[in-house]
Number of protein chains: 2
Amino acid sequence: MELITLPALHRMAVCGGTHGNEMSGVFLVPELERQRKEKGDAIWPIPLTTVLSNPQAIKECKRYVDKDLNRCFTSAILSSPITDSTPYEVRRAQELNTLLGPKQTNDAIDMICDLHNTTANMGLSIICYSHTNWICLHIFKYLQAKITTVPVRLVLLNIPIGDAYSLESVSKYGISLEVGPQPQGVVRADIFNAMKEGVNAVLDWVKNFNSGEVIEGGDVEAFMFKKTVDYPRDPETKTPIAAVHPQLQDRDFCLLKRGDPMFLTFSGETVRYEEEEPLHPVFINEAAYYEKGIAFHLAQKQPWTIPSIQAKKV
Amino acid sequence: MELITLPALHRMAVCGGTHGNEMSGVFLVPELERQRKEKGDAIWPIPLTTVLSNPQAIKECKRYVDKDLNRCFTSAILSSPITDSTPYEVRRAQELNTLLGPKQTNDAIDMICDLHNTTANMGLSIICYSHTNWICLHIFKYLQAKITTVPVRLVLLNIPIGDAYSLESVSKYGISLEVGPQPQGVVRADIFNAMKEGVNAVLDWVKNFNSGEVIEGGDVEAFMFKKTVDYPRDPETKTPIAAVHPQLQDRDFCLLKRGDPMFLTFSGETVRYEEEEPLHPVFINEAAYYEKGIAFHLAQKQPWTIPSIQAKKV
């Protein structure tokens, strides 16, 4: 198997509250800071920056104040001039880019691990914005082997880095940990613990990698984003006229085949999946996606080969 | 058994969206309006007023805009003068009091059935603000016998009617249908259907009662509100430092005994229930109660005897 040599990781950030009502990260970041205060930096294998990304939204317990922060990290928005009417989150994105980036430069932090929750039954999902981000794919492989309390899955988007809109795209190797199901504004101990276990496993992996050992590659199973499905809506008012069908609700990553129930209208009729191609729904009934016109995403399951990697001796 | 004669019911309201992000009611009220348009009023046994209580909060998908609407129906707030600085919800409460009340007068509507969701695992809970609201207690008894898809329970508060703060207190016989678990801003088909089934069963009961038949009384099991428990909080920042313990989460209406796990701190320590008196937790980990300083309520289970009732011939 191919062996790829990559620079060791020198700096890493763990960010929570990028969406202010996703509470696991909002509480895990202060918990990491408490650990640092109590036990010192040496507990971590790498200098760690902890960030609460959207303090105003956290204060108001909202996803965002003016604009979804996690859609503000494109090169275009990061370089847009600030005026009096610039949304709060665009200012904050530029601040975070100064702190952790600048994006797409050598000065950018090696890794951002951004913490998210979803109301969908997604277990612990690792979301990557590149098919060849070997560091992230190896981290997924490690987490999937180590974590047994929740299912661990990999969701891949393939977006050119300049167009990538999420916070972790500011770093060289961005990774998003998405844990659910958890309602907005609620912290559940089981979901919090899954996220804590995930972050600890990421730090363990970084320690192994930085030690210079060869990290063996192999095949993993990836879910590749294909398209989105919206709720059936009233043509005039645009409000949904159906909910996700009980037979689909909570079944993220299942296989949706032609004829399977997809929605149940509020008057009791079943709407079925009519496409020929069977696909895997993810982010089923995520609260934040109603306004985005998304009932769920559809992904294609695909085996994905990861090369062995090794950190370059410093 | 005692037989109490009561006036037949002449007008009823079903209200949704009193909290703008509790989506079952937000979608059920328009569905009732669609049914009326399609099939006419005669499908219901009683003239029905349908109300979306907090349109602005529904539009913004928030619990409330300025102030929790469902705390605004005390006699004091309903009679307070309107000024430029009056919160939106106080104005709206007074509008609703004009439409459905006035509270504590003969002109008040006979029954308000107010639709709510909770993030807690409460099944279908009937909340009443008086221990002798026989109509509501009979409706509970009927729903508990008829509905088999979700557990049906009765939660009793004993608040003088003038101090009762919730919308249904405007009517002569107020009832609140609380269905969960459902995240804020999400509609789940199973929870929506439980609420729809609940409203249909209320309407069935009204038909039976208005027919003049004797409705047999009997003993029911009631949960009486006793007190509230807050999250352990940081003494300085006042933010929670623990989540509801996994062994308590989702176990609403269970019996909490001295020594049982209650919270799990974010650093991993268990906080136990220390009181002598075993009680029943309800509304465990409700999203909207973080800001109110409530992790859960504690209730006492008590048998409650309901007399037989009969509608007075008109």
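From a predicted model like this one, the values you see are computed outputs, not experimental measurements. (Residues numbered from 1 in each chain as written. Chains lettered and ligands numbered in written order. Predicted model: local features only at pLDDT ≥ 70, side-chain atom pairs only at ≥ 80, totals over all residues. Heavy atoms only, no water.)

J.: Please give an account of the overall build of chain A that cites residues and values.
T.: When helices and strands are tallied, chain A shows six helices and 14 strands. Taken over C-alpha atoms, the radius of gyration comes to 20 Å for chain A, in line with the 20 Å a tight globule of 314 residues would show. Each principal axis of the C-alpha atoms in chain A carries an extent, and together these give about 65 × 55 × 35 Å. Within the span of chain A, comprising 314 residues, buried residues form 59% of the whole. Partitioning the intrachain contacts of chain A with sequence separation of at least 6 by distance along the chain shows that 74% fall at a separation of at least 24. For chain A, the computed accessible surface area is about 12,800 Å², with 50% contributed by carbon and sulfur atoms. Separation between the mean location of the 32 positive side-chain charges and that of the 38 negative ones in chain A comes to 3 Å. (Helix = DSSP H or I, 4+ residues; strand = E, 2+ residues; numbered from the N terminus. Rg over C-alpha atoms; globule rule 2.2 N^0.38 Å. Buried < 20%, exposed > 50% of the residue type's maximum accessible area, 1.4 Å probe, protein only. Contact = heavy atoms within 4.5 Å. Areas by Shrake-Rupley, 256 points an atom, 1.4 Å probe, with all protein chains shown as cover. Lys, Arg positive; Asp, Glu negative; His and termini not counted. Charge placed at Lys NZ, Arg CZ, Asp CG, Glu CD.)

J.: Describe the relation of the copies chain A and chain B, and please don't skip the residues or the numbers.
T.: Expressed as a screw operation, the relation of chain A to chain B combines 0.0 Å of axial shift with a rotation of 180°, fitting to an RMSD of 0.0 Å. Taken together, the rotation angle and the small translation identify this as a two-fold axis. Closest approach to the rotation axis among the C-alpha atoms of chain A is made by Pro183 of chain A, whose C-alpha sits 2.2 Å away. Interface overlap between copies is the fraction of interface residues in one copy that are interface residues in the other; for chain A against chain B it reaches 100%, indicating a shared surface. (Least-squares fit on C-alpha atoms with pLDDT ≥ 70 in both.)

J.: Can you explain the interface of chain A and chain B? Please cite residues and give values.
T.: With 27 residues of chain A at the interface, the matching set in chain B holds 27 residues. Our count for the contact surface shared by chain A and chain B stands at two salt bridges. With its nearest N and O atoms 2.7 Å apart, the salt bridge here joins Arg188 of chain B to Asp250 of chain A. Among the elements of the structure, α1 (23-39), α6 (189-210) and β9 (242-244) of chain A are those that each provide at least two residues to the side of chain A that touches chain B. Sorting elements by how many residues they give to the side of chain A that touches chain B places α6 of chain A first, with four residues. The residue inventory of the side of chain A that touches chain B, partitioned by class, reads 14 nonpolar, eight polar and five charged. (Salt bridge = Lys/Arg side-chain N within 4 Å of Asp/Glu carboxyl O. Nonpolar A, V, L, I, M, F, W, Y, C, P; charged D, E, K, R; others polar.)

J.: Just give me the short version of the domain arrangement of chain A, but keep the residues and values in it.
T.: Residues and elements named next belong to chain A. Splitting chain A by domain gives domain 1 (3-221 + 305-311) and domain 2 (226-299). Placing the centre of domain 1 and that of domain 2 at their C-alpha centroids yields a distance of 28 Å. Contacts between the two partners involve 16 residues from domain 1 and, on the opposite side, 13 residues from domain 2. Together, the buried faces of domain 1 and domain 2 total about 1,200 Å²; carbon and sulfur atoms form 55% of this surface. (Domains from an automatic or database assignment. Buried area = accessible area lost by both parts, 1.4 Å probe.)

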